[in-house]
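# An overview of the molecular structure
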Amino acid sequence: MTKSRRTFLNEAAQIAGALGLGRFAWNRFENQLNAESQTPPTHSINSVSTPTMVSTWNHGILANQAGLEAQSQGGNALDMIEAAARLVESDAEGLSVGIGGLPDRDGHVTLDACIMDHTGNAGSVCFVQGVEHPLSLARRVMEDTPHVMLSGAGAEQFARELDFPQINLLTPKAQKAWEKWRIESDYAPVINRENHDTIGLLALDHEGRLAGGCTTSGVAYKMHGRVGDSPIIGAGLFVDGRYGGATATGLGEAVMRTVGSFLVVELMRQGLSPQLACEEAVHRIMNSMPTEDLQVGYLAMDRDGAIGGHAIHSGFNYAHTIGDEAALIDATHG
Ligand code: GLY
């Protein structure tokens with residue numbers, strides 16, 4: 001006869017006690033079982049042989065397509081991330097990533113980006129001006145230098161040494177928006193609940209290698225010199241190929257204070273699904289600061305390609321692409 005769920009849990013709890021498992025470990029296991037039914041539908045195939053990408057916001061659909069295309073041309077997970085990021089960084093219409101990004105309060109477009117592979121290699125650049133593809137620069141920091149992060153003038157010098165093209169990132173559209181904002185110069189961070197403000201990307205290639213990336217122009221009209229979560233390894237992005245990867249979108253200050261993406265991956269390492277790990281990391285923010293006026297969303301993928309996403313407020317969505325199949329998914333929230 002099949003045991004009821006409750007009988008199973010009671011018996012398992014007794015065994016856990018006999019084995020000396022801590023209450024925390026047991027609660028986690030029980031929560032995972034109880035919450036399985038809340039996991040939002042994903043069209044997950046969970047096969048490491050099927051290249052998969054998941055990216056924040058609706059610009060993730062085209063980004064994922066570019067990433068999968070790079071994979072089909074022989075690229076690995078890092079190439080998928082880089083190709084996807086470059087597409088969005090070059091889109092002058094987007095007001096939050098690369099060229100066209102909204103400037104800081106002094107009118108300068110400053111970019112942050114990072115990249116990480118399944119073995120823990122990481123590269124990052126922050127407070128970079130005049131470079132169209134900061135994520136590619138971050139990759140070169142990872143691959144060509146002994147460092148993880150370069151900032152400001154040093155990162156720009158590295159870009160010049162590599163012959164990265166120098167461009168004016170401030171488009172007429174972004175300049176017009178900044179000039180309008182300057183009339184009141186309200187320095188409160190502008191965080192959209194329902195609009196993209198970063199692209200965070202996770203990719204799994206045909207050999208089961210996981211990689212992640214994050215690229216942004218940061219919070220619009222920020223103070224000059226402000227750096228958000230996106231280039232901070234562990235905050236805007238974290239990947240551990242043995243367990244999974246996570247990335248963040250929203251108000252970077254809240255993500256940095258809780259080392260959000262590392263937390264999501266750590267929770268997956270402890271056994272939570274990507275969905276429950278994102279939920280717990282969002283709750284960590286909600287339990288530690290007022291969140292009425294701020295949005296944060298997390299996105300995660302485990303080493304088998306299962307995904308999850310959760311945000312403080314409604315409005316966050318993400319693009320999930322497996323092979324030729326793409327879907328834009330509304331994240332759960334609250
Ligand atoms: N999440 C982007 C930023 O806060 O800069």
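Residues numbered from 1 in each chain as written. Predicted model: local features only at pLDDT ≥ 70, side-chain atom pairs only at ≥ 80, totals over all residues. Heavy atoms only, no water.

## Here's the deal with the overall build of the chain
This is how the line gets drawn: Labels follow the DSSP assignment, with helices taken as runs of H or I lasting at least four residues and strands as runs of E lasting at least two, numbered in each case from the N terminus. Note on exposure labels: buried denotes an accessible area under 20% of the residue type's maximum, exposed denotes more than 50%, and partly exposed covers the range between, all computed with a 1.4 Å probe on protein chains only. Residue contacts are counted whenever heavy atoms from the two residues lie within 4.5 Å of one another. Only the protein chains shown count as cover for residues, and all accessible areas are computed by the Shrake-Rupley method using a 1.4 Å probe.
The number of helices and strands found in the chain is 10 helices and 13 strands. Considering the chain as a whole, with its 334 residues, one finds that 56% of them fall into the buried category. Taking the contacts inside the chain whose residues are at least 6 apart along the sequence as the reference set, 67% of them involve residues at least 24 apart. About 14500 Å² of surface is accessible on the chain, with carbon and sulfur atoms providing 51% of the total.

## Observations regarding the packing of aromatic side chains
Operational definition: Between the rings of Phe, Tyr and Trp (Trp by its six-membered ring), a pair exists once the centres lie within 6.5 Å; its type follows the angle of the planes, with under 30 degrees stacked, over 60 edge-to-face, and the other angles tilted. As a reminder, the over-ring test applies to NZ of lysine and CZ of arginine, requiring each to be within 6 Å of the ring centre and within 35 degrees of the ring normal.
Overall, the coordinates contain four aromatic pairs when judged by the stated rule. Ring geometry for W181 and Y221: centres 4.6 Å apart, planes at 15°, overall stacked. Of the two residues, W181 is situated in helix α7 (residues 172–184) and Y221 in the loop between β6 (210–216) and β7 (237–240); the sequence distance between them amounts to 40 residues. On the basis of relative accessibility, which here comes to 9%, the residue Y221 falls in the buried class. For the ring pair F238 and F262, a centre distance of 5.0 Å and an interplane angle of 75° mean the geometry is edge-to-face. Of the two residues, F238 is situated in strand β7 and F262 in helix α9 (residues 260–269); the sequence distance between them amounts to 24 residues. The exposure class of F262 is partly exposed, given its relative accessible area of 37%. Ring pairs connect the aromatic residues W57, F316 and Y318, which therefore count as one cluster. The ring of W178 has R182 lying over it, and the distance from NZ or CZ to the ring centre is 4.1 Å.

## Remarks on the site of the ligand
Here is the rule: In these notes, residues near a molecule or strand are those with any non-hydrogen atom within 4 Å of it. N or O atoms closer than or at 3.5 Å make up a polar contact, with two conditions inside protein: a donor-capable atom paired with an acceptor-capable one, and, for residues adjacent in sequence, both atoms drawn from side chains. Amino acids outside the nonpolar list (Ala, Val, Leu, Ile, Met, Phe, Trp, Tyr, Cys, Pro) and the charged list (Asp, Glu, Lys, Arg) are all regarded as polar, and Gly is one of them.
What surrounds the ligand is the set D197, T198, G218, V219, R226, G228, D229, S230, G250, L251 and G252. Contacts to the ligand include D229, whose side-chain N or O atom sits 2.7 Å from a nitrogen atom. Residue G250 places a main-chain N or O atom 2.7 Å away from a nitrogen atom belonging to the ligand. Isolated, the ligand exposes 200 Å² of accessible area, and the fraction of that covered by the protein chains is 100%. Looking at side-chain class alone, the shell around the ligand contains two nonpolar, six polar and three charged residues.

## Description of the packing of helix α4 (residues 77–89) against helix α5 (residues 134–144)
Two quantities define a packed helix pair, namely the angle between the helix axes and the distance between the axes. Filter applied, for reference: Only the stretch in contact is used when fitting a helix axis, every axis being a line fitted to C-alpha atoms; angles between N-to-C directions are given from 0 to 180 degrees. With respect to orientation, any angle under 35 degrees is reported as roughly parallel, any angle over 145 as roughly antiparallel, any angle of 65 to 115 as roughly perpendicular, and every other angle as oblique.
As a packed pair, α4 and α5 sit with axes 8 Å apart at the nearest point and diverge in direction by 150°. The angle between the axes of α4 and α5 places the two elements in the roughly antiparallel class. Residues L78, D79, I81, E82, A85, R86 and E89 of α4 form the contact with α5, whose participating residues are P134, L135, S136, R139, M142 and E143. Counted by class, the contact of α4 with α5 contains six nonpolar, one polar and six charged residues.

## Observations regarding the state of the cysteines
Keep this limit in mind: Disulfide: a pair of cysteine sulfur atoms within 2.5 Å of each other.
Using the criterion set out here, one finds zero disulfides in the structure. C214 takes part in no disulfide bond, and the closest cysteine sulfur, belonging to C114, lies 5.5 Å away. In this structure C214 comes out as buried when scored by relative accessible area, which is 0%.

## Thoughts on the nonpolar core
To keep it simple, the criterion reads: We define the nonpolar core as a collection of buried residues of types Ala, Val, Leu, Ile, Met, Phe, Trp, Tyr and Cys that are connected through side-chain atoms lying within 4.5 Å of one another.
With 45 residues, the main nonpolar core has V264, V296, Y298 and Y318 as its most contacted residues. The greatest single-element share of this core, amounting to six residues, is contributed by helix α10 (residues 274–286). Counting 30 residues, the second-largest nonpolar core is a separate cluster that includes A63, L78, I115 and A155.

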